[in-house]
Amino acid sequence: MIKKWKKNSSKYLLDNKIFKMREDSVTSPKLGSDHKVWVMEVPTWVNIIPLTSKGEVVLVNQYRFGTEQASLEIPGGMADPGENPKTAAVRELKEETGFVSNEVIEIGRVESNPAIMSNHTYTYLALNCKKLGDQSLDGTEDIEIIKKHIDDIPQLIREGAIQHALVVSAFYFYNLHQSN
């Protein structure tokens, strides 16, 4: 049986608006040995699959600093402090695409990367999305809107056009939702 590790001490190495990086000194319950581990304290993340009445997914193509290239994704981002994940997903949809929906359903939740991160990512499905206005992007966003039919998504994943793990996870939740 896996036991909880004892945390002996903890200190912050970095604190910015995106995340805090923490170094913990821990003791293995199995071996009794001490180790240093690092944890990113990250806000809740959200993503949302926006579907139009024609079955089109409103995708966002945006530059990502980690990979230094464009990434085809669904709208998403961080929940603000105290913000409900669903509210955050609806906000991100409108900000990144200008689309809105009155039918938003939570279809899944994952641990973003439990090896080093403290947060969860919630996935929502927005049905009958309509363009209501323009994008409202911040200074680090440059987003191109691309619509693809929902039936084309598996092929986009297979051929590597969609590679973001949390987006692939979102479409897995979509398939589970559709099979119920």
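As the structure is a computational prediction, the values presented were derived from the model and not from experiment.

## Overview of the nonpolar core
- Among the nonpolar cores identified, the biggest contains 17 residues, and Ile49, Val57, Ile74, Ile153, Phe171 and Tyr174 are the most heavily contacted of them.
- At the level of elements, strand 5 (56-64), helix 2 (153-158) and helix 3 (165-179) are the ones that each hand at least two residues to this core.
- Per-element tally for this core: the top contributor is helix 3, with five residues.
- Excluding residues within four positions of it along the chain, Ile74 makes contact with Asn47, Ile48, Ile49, Pro50, Val57, Leu59, Val60, Val167, Ala170 and Phe171.
- Among the nonpolar cores identified, the runner-up in size contains 13 residues, and Val58, Ala79, Ala88 and Ala89 belong to it.

## Some thoughts on a nonpolar patch on the surface
- A contiguous nonpolar patch, built from Leu13, Leu14, Val37 and Trp38 and spanning about 350 Å² of accessible area, is present on the exposed surface.
- Elements with a contribution of two residues or more to the nonpolar patch: strand 1 (6-15) and strand 3 (34-41).

Reading guide: rules and limits
- Residues numbered from 1 in each chain as written.
- Predicted model: local features only at pLDDT ≥ 70, side-chain atom pairs only at ≥ 80, totals over all residues.
- Heavy atoms only, no water.
- Core = buried A, V, L, I, M, F, W, Y, C linked by side-chain atoms within 4.5 Å.
- Buried < 20%, exposed > 50% of the residue type's maximum accessible area, 1.4 Å probe, protein only.
- Helix = DSSP H or I, 4+ residues; strand = E, 2+ residues; numbered from the N terminus.
- Contact = heavy atoms within 4.5 Å.
- Patch = residues over 30% accessible without salt bridge, like charges linked within 9 Å, V, L, I, M, F, W, Y side chains within 5 Å.
- Areas by Shrake-Rupley, 256 points an atom, 1.4 Å probe, with all protein chains shown as cover.
- Salt bridge = Lys/Arg side-chain N within 4 Å of Asp/Glu carboxyl O.

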